[in-house]
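# Analysis of the macromolecular model
In case you want the letters, here they are:
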Amino acid sequence: MNDVLMLERNADEGAISFARGFVKSDAFMVLFREGMGLVEQTAAYLDGDGRKDSAALPREVALSYATESMRLTTRLMQIASWLLVQRAVAEGEMTSEQARAENDKVRIPEPMLPPAQPDAVLLPQGLRDLMDHSFRLQGRIRHLEGQMSGKVAATEQANPVQDQLASLKARLGLAL
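Rules behind the numbers
- Residues numbered from 1 in each chain as written.
- Predicted model: local features only at pLDDT ≥ 70, side-chain atom pairs only at ≥ 80, totals over all residues.
- Heavy atoms only, no water.
- Salt bridge = Lys/Arg side-chain N within 4 Å of Asp/Glu carboxyl O.
- Helix = DSSP H or I, 4+ residues; strand = E, 2+ residues; numbered from the N terminus.
- Buried < 20%, exposed > 50% of the residue type's maximum accessible area, 1.4 Å probe, protein only.
- Core = buried A, V, L, I, M, F, W, Y, C linked by side-chain atoms within 4.5 Å.
- Axes fitted to C-alpha atoms, helices over the stretch in contact; angles between N-to-C directions.
- Left-handed = near helix turned anticlockwise from the far one by under 90°.
- Contact = heavy atoms within 4.5 Å.
- Parallel < 35°, antiparallel > 145°, perpendicular 65-115°, else oblique.
- Phe/Tyr/Trp six-rings, centres within 6.5 Å; stacked < 30°, edge-to-face > 60°.
- Lys NZ or Arg CZ within 6 Å of the ring centre and 35° of its normal.

Our next topic: the pattern of salt bridges. Inspection of the entire model under this criterion finds four salt bridges. Of the charged contacts in the structure, one is a salt bridge between Asp49 and Lys52, with a shortest N-O distance of 3.6 Å. Of the two residues, Asp49 and Lys52 both sit in helix 3 (residues 49–55), three residues apart, roughly one turn of that helix. Residue classification places Asp49 among the partly exposed residues on the basis of a relative accessible area of 45%.

The nonpolar side chains of a soluble globular protein tend to be buried, and buried together. Within the largest apolar cluster, 31 residues are counted, with the highest numbers of intra-cluster contacts made by Phe22, Leu31, Tyr65, Trp82, Leu83, Leu127 and Ile141. Among the elements that take part in this core, helix 4 (residues 59–90) stands out by supplying ten residues, more than any other.

In contact at an axis separation of 10 Å, helix 4 and helix 7 (residues 125–149) are set at 35° when each is read in the N-to-C sense. Like other packed secondary-structure pairs, helix 4 and helix 7 cross with a definite hand, here left-handed. Counting all contacts with helix 4, which are made through Tyr65, Glu68, Ser69, Leu72, Arg75, Leu76, Ile79, Trp82, Leu83 and Gln86, the residues of helix 7 involved are Leu127, Leu130, Met131, Ser134, Phe135, Leu137, Gln138, Ile141, Leu144, Glu145 and Met148.

Let us now look at the packing of helix 2 (residues 26–47) against helix 7. For any two helices packed against each other, the geometry is given by the interaxial angle and the distance between the axes. Between helix 2 and helix 7, the least distance of the axes is 11 Å, while the angle of their chain directions is 155°. One finds that helix 2 runs roughly antiparallel with respect to helix 7. As for how helix 2 packs across helix 7, the hand of that crossing is left-handed. Along its contact with helix 2, which presents Leu31, Glu34, Gly35, Leu38, Gln41, Thr42, Tyr45 and Leu46, the element helix 7 presents Gly126, Leu127, Leu130, His133, Ser134, Leu137, Arg140, Ile141 and Leu144.

As a further point, take the packing of aromatic side chains. All chains considered together, the criterion is met by one aromatic pair. On the numbers, 6.1 Å between centres and 45° between planes, the contact of Phe28 with Phe32 is tilted. Residue Phe28 and its partner Phe32 are located together in helix 2, separated by four residues, close to a single helical turn. Assessed through its relative accessible area of 0%, Phe28 is described here as buried. Here the guanidinium or amino end of Arg75 rests over the ring plane of Phe135, the centre of that ring lying 4.0 Å away.

All we've got here are geometric facts, nothing functional implied.
See below:
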C-alpha cells in the first residue's frame, strides 16, 4: 500500500515538475502567443470579413455558419482560459495546485467533431481555416494538459502526421 502511495506521489511530483518547467519555457510563450493571436484573428474575422461572408450565404448554410462560429468562439475561450491560467503560474501569480483546481473548472473538452463534409465545404474558407487551426491547437493543449496532469507520459510524443491524417479522414467521412 505504501508503495502505491509513493508511486502516485512521485507521479504527481513529476507532473508538477514538468508543469513548472513548461510554463516558464519559450515553447509555452510561443503557444501562448499563438493561442491569443488566434483569438484576436478570429474576432477580427467574425466582426469583419465573416459578417460579409455570412450575409452572402443561403439560409441553411448561414445556420451552419452561426453554429460553427459559436462552437469556434467557445473552443477559443476555453483555450484562452487555459493559457491564461498557465501564464499566471509562470509569473508566480498562482501555484500549480491552484492552476490544477482552476483547470478542473475550465477543462479543455474532448475535441468537437468538425461539421459533416457536405456542410463544411459550403462554409466560407476563412471560417474553415480558423476552425482547423483551433482544432489543432486544442489537440496540442489537450496533450500538454495530459502530460502536466500525469495522465500522459511526458516522453510520449504526439504524431502530427497521424493527427493530420485522422483529421483528413474524419472530414472526408472515411473509416479510421
